[in-house]
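# Secondary and tertiary structure notes
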Amino acid sequence: MWCPKCKSEYRDGITVCAVCGCPLVKTLPMEVDASSAEENVRLLNQVDGRENLQALSDGNNAYVEKSTKYEDMKSTAYSFLLVGVAGILFLILALTGIIPLQFAAYMKGLMGIVMGIMFLIFFVIGIRSYMQLGELQTQVVKEIDDIESAKKWFRNNYSAKAVDLSLDLDTSESLTNKYFQRSLFIKRMLHQQFPDFEDSFLDYITEQFYEELFPQDE
C-alpha cells in the first residue's frame, strides 16, 4: 500500500497514512514530468510559429506583391486582346473571301460562329483585364508607401540590438528559437502600429525587416 501524498509504503492491512492521514492506495499514479511536457509544447509552438511566418514561400496565405499582380494582369490583358483582335480580324477576312478557305458554305458559317464566339470571349477578357490595371497600379503605389512607412517607423524605434534587449535573448539560444522570437516581436510591434495591415502582408514585411536587421543569420 502507498500514500499518494508523501509516497510512503505500508504493508497490507493498513489503510491510512500515519504521516499524512491520507487514505492509502494500492499503486501510485504515474507521474508526469511537467517541465518536460511544457518544454515540448513550447518547442512545438515554435515550429508551428516559424512555419506560419514562412507561409510566404508556399502557403495558401502567402502574400503576393502588388507589382507582381500588376505585371501578370498586364500580360493577361495584352495577350487576350491580341489573340481576340487578331482572331476576329482573321474571321472577317476569311468570311468575306479576302482570305480564301476551301470549305463548304455551311462549314464556313459554323466555323464563323464557333470561332467568333471564342475570339469574342478572348477580347472581352482582355478588355476586363486591361480595365483592372488602373486599380492595380494604385495598389502598387500604396504598397510601396506602406512598406516605406513601416520601415521608417521601425527603424526609428528599433535596432537589432533593441529587439534582442526587448526579448532578453540568451546568446546560447538556438538560431531557430532566436528567429522565432525576433520575428514574432517584429510582427507584433508592426501590427500594433499598423492594425489595418493584413496578416499576410505583415508576414511579408516582417521577413524583409528580419533579413535587414539580422543578415548574419541568413
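Attention in this report is confined to the structure presented alongside it. (Residues numbered from 1 in each chain as written. Predicted model: local features only at pLDDT ≥ 70, side-chain atom pairs only at ≥ 80, totals over all residues. Heavy atoms only, no water.)

Right, let's talk about the overall build of the protein chain for a bit. When you go through the protein chain residue by residue, the secondary structure sums to eight helices and zero strands. Beginning at the N terminus, the succession of helices and strands in the protein chain can be written as α-α-α-α-α-α-α-α. Among the 218 residues that make up the protein chain, the fraction classed as buried is 30%. A sequence separation of at least 24 residues applies to 61% of the contacts in the protein chain between residues at least 6 apart. Carbon together with sulfur atoms contributes 58% to the accessible area of the protein chain, which is approximately 14,500 Å² in total. (Helix = DSSP H or I, 4+ residues; strand = E, 2+ residues; numbered from the N terminus. Buried < 20%, exposed > 50% of the residue type's maximum accessible area, 1.4 Å probe, protein only. Contact = heavy atoms within 4.5 Å. Areas by Shrake-Rupley, 256 points an atom, 1.4 Å probe, with all protein chains shown as cover.)

With that settled, consider the nonpolar core. Soluble, globular proteins show a tendency: their nonpolar side chains are buried together. Counting 24 residues, the largest nonpolar core has Phe-154, Val-163, Leu-190 and Ile-205 as the members making the most contacts within it. Contributing elements (two or more residues each) for this core: α5 (133–157), α6 (160–167), α7 (175–193) and α8 (199–213). Of the residues forming this core, the biggest block, seven residues, is contributed by α8. Setting aside residues no more than four positions away along its own chain, Phe-154 makes contact with Val-163, Ile-186, Met-189, Leu-190, Phe-209 and Leu-213. Counting five residues, the second-largest nonpolar core is a separate cluster that includes Tyr-70, Met-73, Leu-136 and Val-140. (Core = buried A, V, L, I, M, F, W, Y, C linked by side-chain atoms within 4.5 Å.)

With that settled, the discussion passes to the side chain of Arg-182. With respect to the helices and strands, the residue Arg-182 is situated in helix α7. A polar contact is formed between the side chain of Arg-182 and the side chain of Asp-164, at a distance of 2.9 Å. (Polar contact = N/O pair within 3.5 Å; in protein donor to acceptor, adjacent residues only side chain to side chain.)

Okay, the packing of aromatic side chains next. Taken as a whole and assessed by the stated rule, the structure comprises 15 aromatic pairs. On the numbers, 6.3 Å between centres and 45 degrees between planes, the contact of Tyr-78 with Tyr-130 is tilted. With Tyr-78 in helix α3 (residues 66–95) and Tyr-130 in helix α4 (residues 105–131), the pair connects residues that are 52 residues apart, well separated along the chain. When the ring of Phe-154 is compared with that of Phe-209, the centres are 5.4 Å apart and the planes differ by 35 degrees; the resulting orientation is tilted. With a gap of 55 residues between them, Phe-154 in helix α5 and Phe-209 in helix α8 connect regions that are remote in the sequence. (Phe/Tyr/Trp six-rings, centres within 6.5 Å; stacked < 30°, edge-to-face > 60°.)

In this section: the layout of surface pockets. One number sums up the size of the largest pocket: a volume of about 190 Å³. What lines the largest pocket is Tyr-63, Lys-66, Gln-139, Lys-142, Glu-143, Asp-146, Asp-196, Phe-197, Glu-198 and Phe-201. For the lining of the largest pocket, the class distribution of residues is three nonpolar, one polar and six charged. (1 Å grid on protein atoms, 1.4 Å probe; cavity = no way out; pocket = protein on both sides within 12 Å on 5 of 7 lines; lining within 4 Å. Points joined across faces, edges and corners; volume = space filled by probe spheres on them. Nonpolar A, V, L, I, M, F, W, Y, C, P; charged D, E, K, R; others polar.)

So, on to the environment of Ala-94. Looking at where Ala-94 falls in the secondary structure, it is placed in helix α3. By relative accessible area, which is 3% here, Ala-94 ends up buried. Each C-alpha atom, one on Ala-94 and one on Gly-112, is 8.8 Å from the other, the two residues being 18 residues apart in sequence.

Two side chains carrying opposite charge are able to pair once their charged atoms lie near each other. Inspection of the entire model under this criterion finds six salt bridges. With its nearest N and O atoms 2.8 Å apart, the salt bridge here joins Lys-142 to Asp-146. Of this pair, Lys-142 and Asp-146 both sit in helix α5, four residues apart, which is roughly one turn of that helix. Between Asp-203 and Lys-187 there is a salt bridge, with its nearest N and O atoms 2.8 Å apart. Placement of the pair is Asp-203 in helix α8 and Lys-187 in helix α7, with a sequence separation of 16 residues. The same class applies to Asp-203 as to Lys-187, namely buried. Each of Lys-187, Asp-199 and Asp-203 takes part in one network of salt bridges that share partners. (Salt bridge = Lys/Arg side-chain N within 4 Å of Asp/Glu carboxyl O.)

With respect to the helices and strands, the residue Lys-66 is situated in helix α3. The charged side chain of Lys-66 is buried without a salt bridge, its nearest counter-charge being Glu-143 at 4.8 Å. Among all residues touching Lys-66, those that are not within four sequence positions of it are Gln-139, Val-140 and Glu-143. (Lys, Arg positive; Asp, Glu negative; His and termini not counted.)

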